[in-house]
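# Structural overview
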Amino acid sequence: MPFDLDKVVNEYRENGYVSGLPILSKYEARKLQNYIVELEKKFPKGAGGHSLNQFFRVNGHVVIPKLAEIARNSTILGIVEAILGPNLLAWSVELFIKEAKSVKTVSWHQDITYWGMGETDDEVTAWLALSNVTAEAGCMRFIPGSHKQGLVHHNDTFDKHNLLSRGQEIADVCEKDAVYGPLLPGQISLHHGRCFHASGQNQSNGRRIGIAIRYVTPEVRDHAPGHDWAMPVRGEIPRGGWDCIAGPRGLFHPEDLMLYNRILMHKGDYAKGEEVLRILTLKRPNDPQIWYWLAEVQGLDKNIIGLHLSRAEYFYLTGSYETSLKHLRMALELVGNNFQLTETI
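So, here is what we can say about the structure in this document. (Residues numbered from 1 in each chain as written. Predicted model: local features only at pLDDT ≥ 70, side-chain atom pairs only at ≥ 80, totals over all residues. Heavy atoms only, no water.)

Okay, the overall build of the protein next. Across its full length, the protein carries eleven helices and 13 strands. The C-alpha radius of gyration computed for the protein amounts to 22 Å, which stays within 12% of the reference 20 Å derived for 345 residues, consistent with globular compactness. Based on the C-alpha atoms only, the size of the protein along its principal axes is roughly 70 × 45 × 40 Å. The buried share of the protein, reckoned over its 345 residues, is 50%. Considering only contacts within the protein whose residues lie at least 6 apart along the sequence, 77% involve residues at least 24 apart. Counting every atom, the protein has about 16500 Å² of accessible surface; 50% of that belongs to carbon and sulfur. (Helix = DSSP H or I, 4+ residues; strand = E, 2+ residues; numbered from the N terminus. Rg over C-alpha atoms; globule rule 2.2 N^0.38 Å. Buried < 20%, exposed > 50% of the residue type's maximum accessible area, 1.4 Å probe, protein only. Contact = heavy atoms within 4.5 Å. Areas by Shrake-Rupley, 256 points an atom, 1.4 Å probe, with all protein chains shown as cover.)

This is the structure:
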């Protein structure tokens, strides 16, 4: 490695972040940037009922092989292993894109506030620059040592210019304490989930493109309820509260799109999951698995009539005709005097 690994780890533990570590060549970074641009040209309407931006911002590694490949970069994993230990999972891979002269910002926040992992130290974000991420372009700013305190209160602003999902922000952060973390193409920064960080507007003439890879250890779910999905990238395959994914079969492969929707459902976006699955039923009406998952998401969204209708389709396609008729009758009972719905059934 072209850097002192012990020094990197010590700096990370002391400050909660470290910046400017070379991972890819400028040629490799440019190649990845061009790949993103080609995706935007090829899939202007997205895929599988989702916009391309949806995949860029949420779990893109589930359906885009190149993002899964980046998460497995051996140089990045070597640094992360020195911080977290030998067993590593890629929990999320996201793209952060700020267009030239964009007013988009990322407010002061701590990453793990909304992750459901508590105040764990068993996570780290690697932020890989694909473009020249200068202060002018809106590079990240960090508050050194802020990770040593616990989680602090965030206000949800839902500001349309904020790239965070809720526009969440920490009030009264002292900007004088902030340190800029500019990156050249192919360099990464690493930061702790409790470290205060933010980024400003891109006032440059070029796009600012970065990939955030969230690494965790299997232990982050030791005391958490339920389960979650992640991609093992080094060490032992975890058990317990993890559903492990192997990575995409191909770009926007139908089976991976179904898995993507299951993950959305798990995270509570039932309406979006139902919308996408309905589109899939039009394209693949004879696929019982799609009807099965549509029934599942309708049940979670309390759409009981829809649940019975989808189950009727599922059991019909799998040859259980009596059970299919049973669900149709249950749907009719719930419809009552709604003649329009009765006629549809």
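Having put the structure on the table, let's press on.
On to the sheet that holds strand β4 (residues 123–129). Here seven strands make up an open sheet; going across it, the order is β1-β9-β4-β11-β2-β12-β13 and the pairing mixed. Two strands close off the open sheet at either side, each with one partner strand: β1 (17–22) and β13 (242–244). Geometrically, the sheet is characterised by an average inter-axis angle of 35° between neighbouring strands, direction not taken into account. Two elements, β1 and strand β9 (residues 187–191), share four bridges in a ladder whose sense is antiparallel. Looking at β9, one finds that Leu-21 is bridged to Ile-188. Its contacts with the sheet put helix α1 (residues 5–15) on β1, β4 and β9, and the angle it makes with β1 is roughly 150°. (Pairing = 2+ DSSP bridges. Axes fitted to C-alpha atoms, helices over the stretch in contact; angles between N-to-C directions.)

What follows is about empty space enclosed by the protein. Counting across every chain of the model gives two cavities of 30 Å³ or more. Volume-wise, the largest cavity comes out at about 50 Å³. Taken together, ten residues line the largest cavity, and the ones lying closest to its centre are Asn-59, His-61, Trp-91, Trp-229 and Ile-263. Residue classes in the lining of the largest cavity are distributed as six nonpolar, two polar and two charged. When its volume is computed, the second largest cavity comes out at roughly 30 Å³. What lines the second largest cavity is Trp-127, Val-133, Gly-138, Cys-139, Met-140, Gly-181, Leu-183, Ser-189 and Arg-208. Counted by class, the lining of the second largest cavity contains five nonpolar, three polar and one charged residues. (1 Å grid on protein atoms, 1.4 Å probe; cavity = no way out; pocket = protein on both sides within 12 Å on 5 of 7 lines; lining within 4 Å. Points joined across faces, edges and corners; volume = space filled by probe spheres on them. Nonpolar A, V, L, I, M, F, W, Y, C, P; charged D, E, K, R; others polar.)

Here we take up the environment of Asn-73. You can see Asn-73 is positioned in the loop between α4 (65–71) and α5 (74–84). Residues Asn-73 and Phe-252, spaced 179 residues apart in sequence, show a C-alpha to C-alpha distance of 21 Å. Beyond its immediate stretch of four places on either side in the chain, Asn-73 contacts Ile-23 and Leu-24. Within the structure, the side chain of Asn-73 is placed 3.0 Å from the backbone nitrogen of Thr-75, a separation counted as a polar contact. (Polar contact = N/O pair within 3.5 Å; in protein donor to acceptor, adjacent residues only side chain to side chain.)

A separate point is the nonpolar core. Formed by 54 residues in total, the largest nonpolar core has its most connected members in Leu-190, Tyr-215 and Phe-252. With six residues, α5 is the single largest residue contributor to this core. If near-sequence neighbours (up to four positions away) are discounted, Leu-190 is found in contact with Tyr-12, Gly-16, Tyr-17, Val-18, Leu-21, Ile-79, Val-80, Ile-83, Val-124, Thr-125 and Ala-126. Of all hydrophobic cores here, the second largest spans 14 residues; its members include Phe-142, Leu-183, Cys-195 and Ala-212. (Core = buried A, V, L, I, M, F, W, Y, C linked by side-chain atoms within 4.5 Å.)

Bringing the layout of surface pockets into the picture now. Any empty space left between the atoms is revealed when a probe the size of a water molecule rolls over them. Taken as a whole, the largest pocket encloses approximately 1200 Å³ of empty space. Together, 38 residues line the largest pocket, and Arg-57, Val-58, Glu-94, Leu-164 and Ser-165 are the ones closest to its centre. Taken together, the elements giving at least two residues each to the lining of the largest pocket come down to α3 (52–57), β2 (88–98), β3 (106–109), β10 (197–199) and β11 (208–216). Sort the elements by how many residues they give to the lining of the largest pocket and β2 lands first, with six residues. Among the residues forming the lining of the largest pocket, the class breakdown is 16 nonpolar, eleven polar and eleven charged.

Bringing the pairing of strand β12 (residues 228–234) into the picture now. The buried fraction of β12 is high, at six of seven residues. As defined by bridge partners, β2 adjoins β12 across three bridges and the pair is classed as antiparallel. Looking across to β12, one finds that Ala-90 is bridged to Met-231. In the sheet, β12 pairs with β13 via three bridges, with the strands oriented parallel. Note on β13: the bridge partner recorded for Ala-230 is Cys-244.

Buried residues of α5: Ile-76, Leu-77, Gly-78, Ile-79, Val-80, Ile-83 and Leu-84, and no others. Where α5 begins, the side chain of Asn-73 points an oxygen toward the backbone nitrogen of Thr-75, at a separation of 3.0 Å. In the segment just after α5, Gly-85 is the residue with positive phi, at about 110°.

This part takes up unusual backbone geometry. The backbone of Asn-59 sits at a positive phi, close to 55°, despite the residue not being glycine. The topology assignment puts Asn-59 in the loop between α3 and α4. Backbone geometry places Phe-158, a non-glycine residue, at a positive phi of 50°. Structurally, the position occupied by Phe-158 is in the loop between β6 (155–156) and β7 (168–169).

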